[in-house]
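Survey of secondary and tertiary structure
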Amino acid sequence: MSDKPQVTVFAARRIVTLDPSLPIATHVAVRDGRVLATGGAELVAQFGGRLDDRFAGKVLVPGFVEGHGHATDGLMWRAPYVGFFPRTAPNGQPAGGFKSIAEVVAHLRQVEISMTDPDQPLVAWGFDPIYFDGPRMTVADLDQISATRMVVVAHVSGHILNVNTKVLDKAGFSPDSNLDGLVRDGHGRLTGELQGPAVMGRANRATGDGGLLRALDVPGLRDYGRIAQRVGVTTSTDLANALTPDNVAALRAATNEADFPIRLVPAMRAREYSLDDGLARIAELKTMSTDKLRFGLVKLVVDGSIQGFTARLRWPGYHNGAPNGLWYVAPGELEGIVTAYHGAGHHLHIHTNGDEASELATEMVGRAIAAHPRRDHRHTLQHCQMADSGIFRRMQTFGMCVNLFANHIFYWGEQHAALTMGPSRVRHLDACATALACGVPLAIHSDTPVTPVDPRFTMWCAVNRLSSAGRVLGEHERITPLQALHAVTLGAAYTLKLDHLLGSIEVGKFADFAVLEDDPLTVDPVTIKDIPVVATVMGGQVFTAS
Amino acid sequence: MIPLTVIGGFLGAGKTTLVNHLLSSAHKRWGVLVNDFGAINVDAALIAAQDGQTMALTNGCVCCSLGDDLGDALATIAMRQPEHVIVEASGVSDPWKIAQLALIEPGFLLEPLVVLVDTPALLAQLGDRWVGDTVARQLAFAEIIVLNKCDQASAATRAAVRARMQDLRPEAVLLEATGAVLAEATLSFTPASRPAVSRFYAEAVGHHFPTYALPAEIAFDRDRLRAVLGDLPRSVLRIKGVCQLGADAKPVLLQYAAERWAFTPAPAGLPSGLVVIGTPELPPQSELADQFAAAALD
Ligand SMILES: [Zn+2]
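Described below are features of the structure shown in this document. (Residues numbered from 1 in each chain as written. Chains lettered and ligands numbered in written order. Predicted model: local features only at pLDDT ≥ 70, side-chain atom pairs only at ≥ 80, totals over all residues. Heavy atoms only, no water.)

**Details of the nonpolar core**
Nonpolar side chains in soluble globular proteins generally cluster together in the buried interior. Filter applied, for reference: To form a nonpolar core, buried Ala, Val, Leu, Ile, Met, Phe, Trp, Tyr and Cys residues must be joined to one another through side-chain atoms within 4.5 Å. To sort residues, take the accessible area from a 1.4 Å probe on protein chains only and compare it with the maximum for the residue type: under 20% means buried, over 50% means exposed, and anything in between is partly exposed. Contact between two residues is taken to exist if any of their heavy atoms lie within 4.5 Å; hydrogens are not considered.
Ranked by size, the top nonpolar core spans 182 residues in total, and within it Leu194 and Phe392 of chain A carry the most contacts. For Leu194 of chain A, the contacting residues outside a window of four places in its chain are His159, Ile160, Leu161, Val163, Leu168, Phe173, Gly181, Leu182, Val199, Met200 and Ala203 of chain A. Membership of the second largest hydrophobic core comes to 32 residues, among which are Ala13, Val19, Val146 and Ala177 of chain B.

This is the structure we're talking about:
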């Protein structure tokens, strides 16, 4: 009897399985890291299992799947976080929550005092001044932190840096210069605000990247695992990784650790490779997958971001009249790339923010399918934030999936209403209900570290569509809690071609659960984001959230 | 200072062909930054050494991949001491954004922004729903527009393209070319300032940019100089030279291009004085000299 595999039966107040043959259960039997059975208390006797009732008062849902996150989140915490909204560091400590420029400056002065090497740049991240009234941050603010050390404050949007005089000097930005991307004050002098990749890249070079562009290493991956696990995630993408041999070695080392708490699904950044090399590399990677590290996704990027005014929009363009963004890849080239990867049987995740980019990518997938008919490709548009029903209908026709950036509704919805999309189009910002109505398989995401990974919050955004100002943006695009739960579990798993292995609590699938204090399907929907996560179970192994 | 020329233009306009010509029939040591290293197609016999992102040729030329940061790539290529650097902008980028950044690269002098067009395809490209605005934006600050593939375009098409260029960018010099073959002098504002490779090359130069010098012995008031620079007409394509800004005694190098400018520490040995380069509509020398004189520190 001793070599008979151990069966554990977890008891819970309620288990939301997303299994249509038994949507709600109270017990789940686990063997070999997989779900053996779901049902009631009878499972203990039926399967000779050991009862584990530590979650008896809790609610189990399928482990959350972050369908668009970046494991670089785990690296960010080596630099101070100065965001408006509090975030949780990998060690579980709260960080940020600064409500004024003065608070940010005061915090960074403390950090500066603790630094020992005078040549080490001080680089902070997550700055979010759109919520502040009054003047913008200037070089004078940052010179108060240090006149001799380089100081950089990166905005959470990813498109702006504030720097001190030391960085302006080192980067060769004379205070009297006038170049695109260098913000000047009423006297024509540089304010230290740098906008856009060209001038930001130059400042990053001056500071030696300041650490924000470090390569992912094992400690960084461990930290990301901790951050994601704490909010109930059991599987996360790392949705753009060069996947060099060094990158893969770090991913394998981290995910092979017995206590690494999540499964990782990295996507190969296609632009790192020529077309032939990329096709060869993804084919090679697919043979290297393990239960906790799954290769196969290919990431393409078609345009930039809406709030950075680098997305490609259809008529009437940006609400404030800003010029349209430029393609990151020419339409003709995109067709060639999509057709090549599709033709070779690979799985594309395509970043499109503006509606014109989504329209173009959909068209190119359609052409690729015409050239190489193939079912079940599950090519997925990532972000796809401005798509309307016309685009979703075509996506459905071509068998495409979507992963919408629901967190944007809260974090940037008011900006989109005022500046980028205007009051009408913002109603279908991240149009979850329309996607579902059109029959497009749906996931929703955080794009962490752009916004914090937390599927409860992402569900809350899709269900309530509340902006940071507390108003509903697009009431008709709200989805139900069940639809939202599906979108952060089975729906996301479907876009990753992992829905046969995870995303629901069904016999044969990985025993991956999020253990919650309450049921997201029955609580007041505006409290979904506040339901405490007690623990996760991954492959039958329990990881507590605290 | 190393002259630097940015070459823009949509995919298929002939940028890579031009780069291949320059590298394989070099009359000087070109340093070339390209987006797609793999597209460079020089005779294997000409390759002296190749490592990852850099390729050195037996004729002294060197070719590097542009990567994510122009400054990084320029620093790499400057170590090879090229006589002239060419930056090939990507086919979907705005070459003017790249050219501007070169204004603040120490050791480089920005030469004309050259934009190639696929003459037989251009009118269709400008009308294309997806790429029309990109192609127009690439031309918006061009100083030399090369109508390439003219052998494949009818006289009527060439005339129509010239008319569109007159609308889009009247300040630019238009040149016709076939197979992206250009006189090397086209890549500089001041072909006469260095020895011509041959009489034929010198005479082949089809463009002419009025150029004159302004004295800048005096120090400028920062605010008034900014006002002057901010008000210059579009016929002023470049101002470059050494001057003094404010009461600060250190000389600075001013580089101005199309309503954008940068000051960098002046390299040793350059005399003070500004060179103005423009289109035939450039205001008279005396008029600009008066404007700059009025910006002098009291
Ligand atoms: Zn992302």
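Alright, that's what it looks like, and here's the rest.
**Structural notes on the pairing of strand E16 (residues 273–278) of chain B**
All names here are of chain B. Using the following cut-off: A run of H or I in DSSP counts as a helix once it spans at least four residues, and a run of E counts as a strand once it spans at least two, with each numbered from the N terminus. What makes two strands pair is DSSP finding at least two bridges between them.
Among the 6 residues that make up E16, 5 are buried, leaving the element largely enclosed by the rest of the structure. Direction of pairing for strand E11 (residues 211–214) relative to E16: antiparallel, over a ladder of 4 bridges. Paired with Tyr212 across the strands is Val276, a residue of E16. The sheet contact formed by strand E13 (residues 236–245) and E16 spans 6 bridges and is antiparallel. If you follow Gly241 over to E16, its bridge partner there is Leu274.

**Notes on the environment of Arg425 of chain A**
Residues and elements named next belong to chain A. What counts is decided by this rule: Between N or O atoms, a polar contact is any pair within 3.5 Å; within protein, one atom must be a potential hydrogen donor and the other a potential acceptor, and residues adjacent in sequence are included only when both atoms are from side chains.
Along the chain, Arg425 turns up in helix H15 (residues 422–425). Those residues in contact with Arg425 that lie beyond four places of it in its chain are Leu313, Arg314, Pro316, Gly317, Tyr318, His319, Met386 and Thr420. Among the polar contacts listed, one links the side chain of Arg425 to the backbone oxygen of Met421, at a separation of 3.1 Å.

**Examining the coordination of the zinc ion**
Residues and elements named next belong to chain A. Condition: A 2.8 Å cut-off from the metal defines N, O and S donors, relaxed to 3.2 Å for Na, K and Ca; water is not in the atom list, so some sites may appear incomplete.
Only His68 (NE2), His70 (NE2) and Asp447 (OD) from the protein reach the zinc ion as donors, at distances of 2.1 to 2.2 Å. Each donor residue of the zinc ion lies on one chain, and together they are spaced H-x1-H-x376-D. Given a relative accessible area of 1%, His68 falls into the buried group. Residue classification places His70 among the buried positions, given a relative accessible area of 14%.

**A look at the layout of surface pockets**
Residues and elements named next belong to chain A. Using the following cut-off: Here a cavity denotes a set of grid points, spaced 1 Å apart and computed over the protein atoms alone, in which a 1.4 Å probe fits but from which it cannot get out, and a pocket denotes an open set meeting protein on both sides within 12 Å along at least five of seven lines; residues with an atom within 4 Å of a point are reported as lining. Grid points are joined across faces, edges and corners, and a volume is the space filled by probe spheres set on the points. Amino acids outside the nonpolar list (Ala, Val, Leu, Ile, Met, Phe, Trp, Tyr, Cys, Pro) and the charged list (Asp, Glu, Lys, Arg) are all regarded as polar, and Gly is one of them.
Put simply, the second largest pocket is a space of about 710 Å³. Contributions of two or more residues to the lining of the second largest pocket are made by strand E7 (87–88), helix H7 (218–230), helix H13 (407–411) and helix H17 (455–464). For the lining of the second largest pocket, the per-class residue count stands at 17 nonpolar, 4 polar and 7 charged.

**Focus: the sheet that holds strand E18 (residues 380–383) of chain A**
Residues and elements named next belong to chain A. We count it as follows: Note on geometry: axes are C-alpha line fits, over the in-contact stretch for helices, and angles between N-to-C directions span 0 to 180 degrees.
Overall, parallel pairing links the 8 strands, which are arranged E6-E14-E15-E16-E17-E18-E19-E20 in an open sheet. Strands with a single pairing partner mark the edges of an open sheet, and in this sheet they are strand E6 (64–66) and strand E20 (442–444). Pairs of neighbouring strands in the sheet enclose a mean axial angle of 25°, with direction left out of account. The pairing of strand E17 (residues 347–352) with E18 spans 4 bridges and is parallel. Of the residues in E18, the one forming a bridge with His349 is Thr380. Helix-sheet contacts for H7 involve E6, strand E14 (233–241) and strand E15 (263–269), and the interaxial angle to E14 is about 135°.

**Structural notes on the side chain of Asp430 of chain A**
Residue and element names in this part refer to chain A. We count it as follows: Working convention for charge: Lys and Arg count positive, Asp and Glu count negative, and His plus the chain ends are omitted. Any Lys or Arg side-chain nitrogen located within 4 Å of an Asp or Glu carboxyl oxygen qualifies as a salt bridge.
Position of Asp430 among the secondary structure elements: in the loop between H15 and helix H16 (432–437). With no salt bridge to any partner, buried Asp430 finds its closest opposite charge in Arg465, at an N-O distance of 6.4 Å. One polar contact links the side chain of Asp430 to the main-chain amide nitrogen of Phe405, over a distance of 2.8 Å. Among all residues touching Asp430, those that are not within four sequence positions of it are His383, Gln385, Leu404, Phe405, Ala406, His408, Ile409 and Arg465.

**A few points about the interface of chain B and chain A**
Interface size is often expressed as the accessible area that is lost when the parts come together. Threshold: Buried surface area refers to the total accessible area, computed with a probe of radius 1.4 Å, that the two partners give up upon joining, counted for both partners together.
Across the contact, 33 residues belong to chain B and 36 residues belong to chain A. Summing both partners gives a buried area of about 2,700 Å² for chain B against chain A, and 48% of it is carried by carbon and sulfur. Counting the surface chain B buries against chain A, the share from its top three residues, Val92, Ile104 and Trp130 of chain B, is 25%. The interface formed by chain B and chain A includes 9 salt bridges. A salt bridge links Arg222 of chain B to Asp176 of chain A; the shortest N-O distance between them is 2.7 Å. Here chain B is connected to chain A by 17 residue pairs in polar contact (both at pLDDT 80 or more).

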